[in-house]
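For reference, the chains in residue letters:
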Amino acid sequence: VTNLAQGTLAISSPFYAPATLVNGPANSVWVLDRLGNRVYLFEQQKLVSAIDLPTPFADAGDIVSSDRYVWVLERRVGKIARLGLGVPAVEYAVAQTGYWNMRMVRGPDERIWCADFDRLVAIDEQGKQTEYRVPKQVLWIEDLASGSDGRIWIIGSGPIFAPDVVAAVDERGGSWQHWPVAESAGSVLAGKRGIWLTGAYGSLLSYFTYAASPSSGKRIDLPLRLLDPKPYLVDKFENLWLTDRYGNVIARASPDGTVLATYTRLPGGEPGISDIVQGVDSTIWIAEAKSHAVEKFDDYWKFPPHGVGPRHL
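Residues numbered from 1 in each chain as written. Predicted model: local features only at pLDDT ≥ 70, side-chain atom pairs only at ≥ 80, totals over all residues. Heavy atoms only, no water.

Student: Mind showing me how you'd approach the environment of Arg-68 here?
Tutor: Mapped onto the secondary structure, Arg-68 falls in the loop between β5 (60-65) and β6 (70-74). Of the residues examined, Arg-68 reaches a relative accessible area of 47% and is grouped as partly exposed. The contacts of Arg-68, once residues within four sequence positions are left out, are Pro-25, Gly-84, Glu-125 and Gln-126. Of the polar contacts made by the side chain of Arg-68, one reaches the side chain of Tyr-69; its length is 3.1 Å. (Helix = DSSP H or I, 4+ residues; strand = E, 2+ residues; numbered from the N terminus. Buried < 20%, exposed > 50% of the residue type's maximum accessible area, 1.4 Å probe, protein only. Contact = heavy atoms within 4.5 Å. Polar contact = N/O pair within 3.5 Å; in protein donor to acceptor, adjacent residues only side chain to side chain.)

Below, the structure is given as structure tokens:
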């Protein structure tokens, strides 16, 4: 798509299911098709290329880019595939066995960091791997994020009868800090000034700055019960953009505790929101997979703020 306002549309076989995209080297765009076990490469003035992942039925997870390559997590086999322009794909084994919840981010040190069960592995563009053992208070890593403070942040389940934990390690992997969290571990997202945490069952949403500890973070109430928030984006204003568990609600939480929510503007059906990104002009774009649409979000809100609950008219 060269100009979204013109509605340029590419239609292919129904067996293709492009889902997540990243910007790659030389202004290329890479789109991950998890179901098809492939990526699509869009280059300027060239035809679209379809590239199969090295391992069939790899159960692809995250896709991230570095300066020269694009990386895809192959969860079923515990590997990372490194893809580039004009070079063959290379696989690196980062786990002894596959783990369905393996996660991957680009770190502040430009390495690719992968979380697998209770391990962290950092890999550079030449394929050199360094493994870091997480604190014993973390039994199972649920999510990780790359902080603007130069640290990798994780959230994970604690041992039986112990609280779940959020932890941070410097980019050299030598110095850990960890704090208990009051709710079940869910997701962690990094902003420019702080960290957002969500719970696994929709009961936790909090924000704290890098200078503070998670225990002093601001607990934020959601406008709907059992929203089960699924976070996607921390925007340039430090707001968290999220959906409900079904991808039908658009919500924006601010560090001051304000949460606004609405439905999409589609006339009917399920949007099935699959991604939320921010453009260079701060515009919010929303991918609505089930409705086969991309929505440019205008600042409209329909849900009342928390605490407003009219009973009768």
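Don't stop here, the text continues.
Student: Got a minute to help me understand unusual backbone geometry in this structure?
Tutor: Both trends apply: most residues other than glycine have a negative phi, and most peptide bonds are in trans. With a phi angle near 65°, Gln-45 is a residue other than glycine that sits in the positive phi range. Relative to the helices and strands, Gln-45 resides in the loop between β3 (38-42) and β4 (49-52). Residue classification places Gln-45 among the exposed positions, given a relative accessible area of 81%. Of note in this structure, Phe-57 is not a glycine but carries a positive phi near 50°. For Phe-57, a relative accessible area of 70% gives the class exposed.

Student: Help me understand the pattern of salt bridges in this model?
Tutor: One side chain can pair with another of opposite charge once the charged atoms of both are near each other. This structure, assessed with the given rule, holds 15 salt bridges. Two residues, Asp-52 and Arg-38, come together in a salt bridge whose shortest N-O distance is 3.6 Å. Pair noted here: Asp-52 is in strand β4 and Arg-38 is in strand β3, with a separation of 14 residues, a long-range link. On the basis of relative accessible area, Asp-52 is assigned to the exposed category, the value being 52%. (Salt bridge = Lys/Arg side-chain N within 4 Å of Asp/Glu carboxyl O.)

Student: How should the sheet that holds strand β17 (residues 185-190) be read in this particular structure?
Tutor: Two pairing modes exist for strands in a sheet, parallel and antiparallel, and in both the strands are linked by backbone hydrogen bonds. One open sheet accounts for four strands, arranged β17-β18-β19-β20; its pairing is antiparallel. In this open sheet, the two edge strands, each paired with only one partner strand, are β17 and β20 (218-219). Examined bridge by bridge, strand β18 (residues 194-199) and strand β19 (residues 205-209) share five bridges and lie antiparallel to one another. Residue pairing for β19: Thr-198 is matched across the bridge by Leu-205. (Pairing = 2+ DSSP bridges.)

Student: How should I be thinking about the sheet that holds strand β16 (residues 176-181) in this particular structure?
Tutor: Judged by pairing direction, the sheet is antiparallel, and its four strands sit side by side in the order β13-β14-β15-β16 without closing on themselves. With one partner strand each, in any of the chains shown, β13 (140-146) and β16 form the two edges of the open sheet. For this sheet, the mean angle separating the axes of adjacent strands, direction not counted, is 20°. The pairing of strand β15 (residues 164-170) with β16 spans six bridges and is classified as antiparallel. The residue of β16 that forms the bridge with Val-166 is Trp-179. (Axes fitted to C-alpha atoms, helices over the stretch in contact; angles between N-to-C directions.)

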